[in-house]
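So the chains spell out like this:
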Amino acid sequence: DQQVKQNSPSLSVQEGRISILNCDYTNSMFDYFLWYKKYPAEGPTFLISISSIKDKNEDGRFTVFLNKSAKHLSLHIVPSQPGDSAVYFCAARPSNNNDMRFGAGTRLTVKP
Amino acid sequence: DAGVTQSPTHLIKTRGQQVTLRCSPKSGHDTVSWYQQALGQGPQFIFQYYEEEERQRGNFPDRFSGHQFPNYSSELNVNALLLGDSALYLCASSYSPTGATGNTIYFGEGSWLTVV
């Protein structure tokens, strides 16, 4: 059962433009959401998170938006840089445990 | 500050064999989780260890077992290997088994297992 879905396997944007990565979830018990970035031959690296009590969290060029009613979250990267090229995973978990469920990932390519 | 370290980085096993993967958590962390990431998929939760006990388990068969040692390091064992067990096995650590906000989970670089 795929409780976290990233429907776009890849995304290509021009350097300096905005990158928007989307994620949908089905489990209403999820109330903490995370984005991880993964480079080849490395483990996933934590990027940004958001609790269900918020609808937006910002950290520098990265902003995560959460729409609980739609069970949808998105990651915005502005401005996009070539070094942002990586696979981005959306993850979700309930607040009372660390059983995280991941999406299949979106490969972001930022072109110079 | 050493992050999460895993060994070996790559290994090849034959179908039916057994494999042991090892993980040392990030300094200060006491909880270790294991994930399996098949090609083209996101990581899938196998199980979590805290205080040397398995606390949570994902949808994986009993062929997958683990252990946590008093120094918080952990092992993942897979018996009777199948071709479908070929994947990247990720270890992740955190300072608590609970999902408290801000309790970030850190991943190691993973162990690539190929079953032939």
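This structure is a prediction, so every number in the text was calculated from the model and none was measured.

Turning to the overall build of chain B, a few remarks are in order. Across its full length, chain B carries zero helices and 11 strands. The helix and strand sequence of chain B, counted from the amino end, reads β-β-β-β-β-β-β-β-β-β-β. Relative to the globule expectation of 13 Å for 116 residues, the C-alpha radius of gyration of chain B, 13 Å, shows essentially globular dimensions. Taken over 116 residues, chain B has a buried fraction of 53%. When contacts within chain B are restricted to residue pairs at least 6 apart in sequence, those whose partners lie at least 24 apart make up 54%. For chain B, the separation between the mean place of its 7 positive charges and that of its 10 negative charges on side chains is 9 Å.

Looking now at the interface of chain B and chain A. Interfaces are frequently sized by the accessible area removed from exposure as the parts join. Of the residues lining the interface, 25 residues belong to chain B; the matching set on chain A comes to 21 residues. Together chain B and chain A conceal approximately 1,700 Å² of surface at their shared face, both sides included; 54% is due to carbon and sulfur atoms. Here chain B is connected to chain A by zero salt bridges. Between chain B and chain A we count one residue pair in polar contact (both at pLDDT 80 or more) in total. Contributing elements (two or more residues each) for the side of chain B that touches chain A: β4 (31–37), β5 (44–50) and β9 (87–94) of chain B. Considered class by class, the residues forming the side of chain B that touches chain A number nine nonpolar, 15 polar and one charged.

Right, let's get into the sheet that holds strand β3 (residues 19–24) of chain B. Residue and element names in this part refer to chain B. Strand order in the open sheet formed by four strands is β1-β3-β8-β7, and the pairing between neighbours is antiparallel. If you trace the sheet from one side to the other, it starts and ends with β1 (5–7) and β7 (64–68), each paired once. On average, each strand axis in the sheet is inclined to that of its neighbour by 20°, with strand direction left out of account. Pairing between β3 and strand β8 (residues 74–78): five bridges, direction antiparallel. Bridging across to β8, Cys23 finds its partner in Ser74.

Quick notes on the rules
Residues numbered from 1 in each chain as written. Chains lettered and ligands numbered in written order. Predicted model: local features only at pLDDT ≥ 70, side-chain atom pairs only at ≥ 80, totals over all residues. Heavy atoms only, no water. Helix = DSSP H or I, 4+ residues; strand = E, 2+ residues; numbered from the N terminus. Rg over C-alpha atoms; globule rule 2.2 N^0.38 Å. Buried < 20%, exposed > 50% of the residue type's maximum accessible area, 1.4 Å probe, protein only. Contact = heavy atoms within 4.5 Å. Lys, Arg positive; Asp, Glu negative; His and termini not counted. Charge placed at Lys NZ, Arg CZ, Asp CG, Glu CD. Buried area = accessible area lost by both parts, 1.4 Å probe. Salt bridge = Lys/Arg side-chain N within 4 Å of Asp/Glu carboxyl O. Polar contact = N/O pair within 3.5 Å; in protein donor to acceptor, adjacent residues only side chain to side chain. Nonpolar A, V, L, I, M, F, W, Y, C, P; charged D, E, K, R; others polar. Pairing = 2+ DSSP bridges. Axes fitted to C-alpha atoms, helices over the stretch in contact; angles between N-to-C directions.

Function-wise, these values are silent; they only describe arrangement.
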